[in-house]
Amino acid sequence: MAKLVIHDLHVEVEGKEILKGVDLTIEQNETVALLGPNGHGKSTLLAAIMGHPRYSVTKGSIFLNDQDVLKMSVDQRSKAGLFLAMQYPSEVPGVINADFLKSAVNSRREKPVTLFQFYKMLDTASKEMKIPFEMANRSLNEGFSGGEKKRNEILQLKLLKPTFALLDEIDSGLDVDAMQTVGEAIRAEQQKGMGFLVVSHYARLYDLITPTRAVVMINGKIAVQGGPEIIRRIDTTGYEWIKAEYGIDVEKEEAGMNTVSIGSCAVKEMK
Amino acid sequence: MERISLFEIIQEPKVGALGETHIALTKKDACKHFVLDWTKHASKQLSLVVESSVIVDILEIGSSSERNLDITLHDHSQVQWRAVNLVEGKDAHVFFRLDSSASLDYAFADFAKGTETIDMNVDLIGPSASLTCHMAAMSYESDQKSISVSVHHQAPDTYALVSSYGVAQGTGLLKFSGTSHIFHGAPKSKTHQNAKIMVFDPHSVGRANPILKIDENDVEASHSAAVGKVNDEHLFYLCSRGLTPHEAKRLITMGYLNPIIRYFNEKHVQKAIEKAIMGRI
């Protein structure tokens, strides 16, 4: 059984420490809900696992079975079985969606897929994700609506069949029907044994995909772990109870001070 | 599509004082497709006149020798000019003169190796003359490639759009420049220039200098320039799906330069351009 083990992970972005010692283990067949207030490191954790160049790991380890993930390049991590569905997928002008998908599929195969096989795969996945097939011939994500981009992420997941999928707010920008489509696609992959680490602020997505457990990230650390009932509790009461029960102060996002003070152009001094 | 060689249509080529070949395209040549293949002809100087109201299209195939062109488009003529050089770059001087209501639709795919200076001047001397010009170029290794397109709006209501896309690789230099000049006495003219260069390697140099000179009121003019490296977010996105950085860059570059291909009508030319781009990334 495949296992993703994160130990004492510290991550910096532009000199600022965001993750301050994350310990988390995910097994295949598990769907872990990752919750937490904004700005506490959920997206950072996902991006660091995938190897985004802006996030530098200063301490700790990530292992996928016995493979040291931190020693791998981004493409090696993908080929090893990790997949990140991005919160804001890039629009890449000129790169045709189908060409990109074909290269991605071929990157993990010894023998390249034939054009016929590929179009069949793509056609099936497009139908399941309710994406018009013509979109395959458009530039990658360019001019796609928010919902189309997110469905395109799940379409890629279906084609690439990773061992562990990291979903970063896959439900933002989705309407009710699209949420249903995405939820069904995730459920189908769960049944095939794919492991999931899912970031979302809303119980609605979690209701569709029934996570096996939930973890809460606060101040760059996993503060609370438990069963899926935590999701319901946070959805109805927020994060305040964590302070009361666990004695953890939830740091507020720093509001940057404006360096320019309010001035006035014409001041008439009265004596 | 069958193309007729430009050098074949003249029974007795007129050779000028400077050794240039003179060719005139008249009514009988209208609506024909021509090819100007420098690899198949000794002359490197050409003076071409397209007579009034004649519509033609010309495919120019570059060779590894210097060339000079002087082309006049008489009133109401329409020329679709496609130039391609995939072999070896050499200097070229191209001069177009457009009479009233003449239109030139020009596209150049320059994926030749070597150091070169391409200098193109377009004089819009008649009212309502118009030019659209699309360039795509790449510099390799230590090539010093410089492409300049200058447009002179000398009559009212003339139009020009010059758009250049390029990639600089290795330790090479790629430079797009040119001046769009609206003369006094050319009101209602419109001129637009944009240049974009993607810099691939730490030591490659890209320069984009589009210049506007405006000596008349009631005109429309714009210029834009961008030089930058491959977008990190785009690279990360593609790599996170298993593409190696090399493959990802290849796809991005192809996507960036590919639009030039659709200006060419023939499949085999399109294929050759695509192959040249792929082979040199």
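About the thresholds
- Residues numbered from 1 in each chain as written.
- Chains lettered and ligands numbered in written order.
- Predicted model: local features only at pLDDT ≥ 70, side-chain atom pairs only at ≥ 80, totals over all residues.
- Heavy atoms only, no water.
- Helix = DSSP H or I, 4+ residues; strand = E, 2+ residues; numbered from the N terminus.
- Contact = heavy atoms within 4.5 Å.
- Areas by Shrake-Rupley, 256 points an atom, 1.4 Å probe, with all protein chains shown as cover.
- Lys, Arg positive; Asp, Glu negative; His and termini not counted.
- Charge placed at Lys NZ, Arg CZ, Asp CG, Glu CD.
- Polar contact = N/O pair within 3.5 Å; in protein donor to acceptor, adjacent residues only side chain to side chain.
- Pairing = 2+ DSSP bridges.
- Buried area = accessible area lost by both parts, 1.4 Å probe.
- Salt bridge = Lys/Arg side-chain N within 4 Å of Asp/Glu carboxyl O.
- Nonpolar A, V, L, I, M, F, W, Y, C, P; charged D, E, K, R; others polar.
- Core = buried A, V, L, I, M, F, W, Y, C linked by side-chain atoms within 4.5 Å.
- Buried < 20%, exposed > 50% of the residue type's maximum accessible area, 1.4 Å probe, protein only.
- Expected span 1.5 Å × (residues − 1).
- pLDDT = per-residue confidence, 0-100.
- Phe/Tyr/Trp six-rings, centres within 6.5 Å; stacked < 30°, edge-to-face > 60°.
- Axes fitted to C-alpha atoms, helices over the stretch in contact; angles between N-to-C directions.

Draft legend 1. Examining the overall build of chain A more closely. On a plain count of helices and strands, chain A comes out with nine helices and 12 strands. The principal-axis extents of the C-alpha atoms in chain A amount to approximately 85 × 50 × 40 Å. Within chain A, contacts between residues at least 6 apart in sequence are counted, and of these 69% link residues at least 24 apart. With the model as given, the accessible surface of chain A reaches about 13600 Å², and the carbon-plus-sulfur share is 51%. Taking the average location of the 33 positive side-chain charges in chain A and that of its 36 negative ones, the two points are 2 Å from each other.

Draft legend 2. Quick peek at the side chain of N152(A). All names here are of chain A. Secondary-structure assignment places N152 in helix α5 (residues 146-160). A polar side-chain atom of N152 sits 3.1 Å from a polar atom in the side chain of N141. Excluding residues that lie within four positions of it along the chain, N152 makes contacts with N97, I131, L140, N141 and F144.

Draft legend 3. Spatial organisation of the sheet that holds strand β14 (residues 159-168) of chain B. In spatial order, the strands read β1-β4-β6-β8-β10-β12-β14-β16-β18 (chain B); together these nine strands make up an open sheet with parallel pairing. Single-partner strands in this sheet number two, and they are β1 (4-5) and β18 (220-229) of chain B.

Draft legend 4. Geometry of the interface of chain B and chain A. Taken together, the contacts link 15 residues of chain B with 30 residues of chain A. On the chain B side of the contact with chain A, F236(B), Y237(B) and R241(B) bury the most area, a combined 42% of that side's loss. Inspection of the chain B/chain A interface yields one salt bridge. As a salt-bridge pair, R241(B) and E153(A) come within 2.6 Å of each other at their nearest N and O atoms. At the junction of chain B and chain A, the tally comes to 13 residue pairs in polar contact (both at pLDDT 80 or more). Counting residues per element, the ones that place at least two in the side of chain B that touches chain A are α1 (232-239) and α2 (245-257) of chain B. Broken down by element, the side of chain B that touches chain A gets its largest block of residues, six residues, from α1(B). Split by residue class, the side of chain B that touches chain A holds eight nonpolar, five polar and two charged.

Draft legend 5. Up close: the nonpolar core. Of all hydrophobic cores here, the largest spans 121 residues; its most connected members are L45(A), L167(A), L197(A), F111(B) and L238(B). Apart from the residues lying within four places of it in its own chain, the contact partners of L238(B) are V92(A), F100(A), L140(A), L243(B), A248(B), L251(B) and I252(B). Within the second largest apolar cluster, 48 residues are counted, among which are L6(B), A92(B), M120(B) and V122(B).

Draft legend 6. α5(A), seen in detail. Residue and element names in this part refer to chain A. Given a rise of 1.5 Å per residue, 15 residues ought to cover 21 Å, and the 22 Å separating the end C-alpha atoms of α5 matches this to within 8%. Taking burial as the measure, the 15 residues of α5 include 14 buried ones, the bulk of the element. Just past α5, the residue K161 takes up positive phi, approximately 45 degrees.

Draft legend 7. Main features of the confidence of the model for chain B. Residues and elements named next belong to chain B. On average, residues of chain B score 91 in pLDDT, and 96% of them reach the 70 mark or higher. Ranking the elements of chain B by mean pLDDT puts strand β2 (residues 14-15) last, at 64, and strand β10 (residues 103-110) first, at 97. Overall fold confidence (pTM) sits at 0.82, and the ipTM for the predicted complex is 0.91.

Draft legend 8. Quick look at the packing of aromatic side chains. Using the criterion set out here, one finds seven aromatic pairs over all chains in the structure. Between F118(A) and Y119(A) the ring centres are 5.5 Å apart and the planes differ by 75 degrees, which places this aromatic pair in the edge-to-face class. Residue class for F118(A) comes out buried when judged on its relative accessible area of 1%. Overall, the relative accessible area of 30% leaves Y119(A) in the partly exposed class. Centroid distance W81(B) to F96(B): 5.5 Å. Interplanar angle 85 degrees. Geometry classified as edge-to-face.

Draft legend 9. Focus on the environment of I182(B). Residue and element names in this part refer to chain B. Tracing the backbone through its elements, the reader meets I182 in strand β15 (residues 173-182). I182 gets classed as buried once you look at its relative accessible area, which sits at 0%. Measuring from C-alpha to C-alpha, the distance between I182 and S142 comes to 36 Å, with 40 residues separating the pair along the chain. Not counting residues up to four positions away in its chain, the partners in contact with I182 are H153, S189, T191, K213, I214, D215, E216, V219 and E220.

Draft legend 10. How the structure looks around the sheet that holds strand β6 (residues 82-85) of chain A. Residues and elements named next belong to chain A. Reading across the sheet, the six strands line up as β6-β9-β10-β3-β11-β12 and stay open at both edges, with mixed pairing between neighbours. Only two strands of the sheet have a single neighbouring strand rather than two, namely β6 and β12 (221-226). Geometrically, the sheet is characterised by an average inter-axis angle of 20 degrees between neighbouring strands, direction not taken into account. For strand β3 (residues 31-35) and strand β11 (residues 213-218), the ladder comprises four bridges, and the chain directions are parallel. Note that in β11 the partner of V32 across the bridge is R213. Sheet contacts for helix α1 (residues 42-50): β3, β6, β9 (164-168), β10 (195-199) and β11; angle to β6, the most-contacted strand, approximately 140 degrees. α5 contacts β6, β9 and β10 of the sheet and is inclined by roughly 170 degrees relative to β6.

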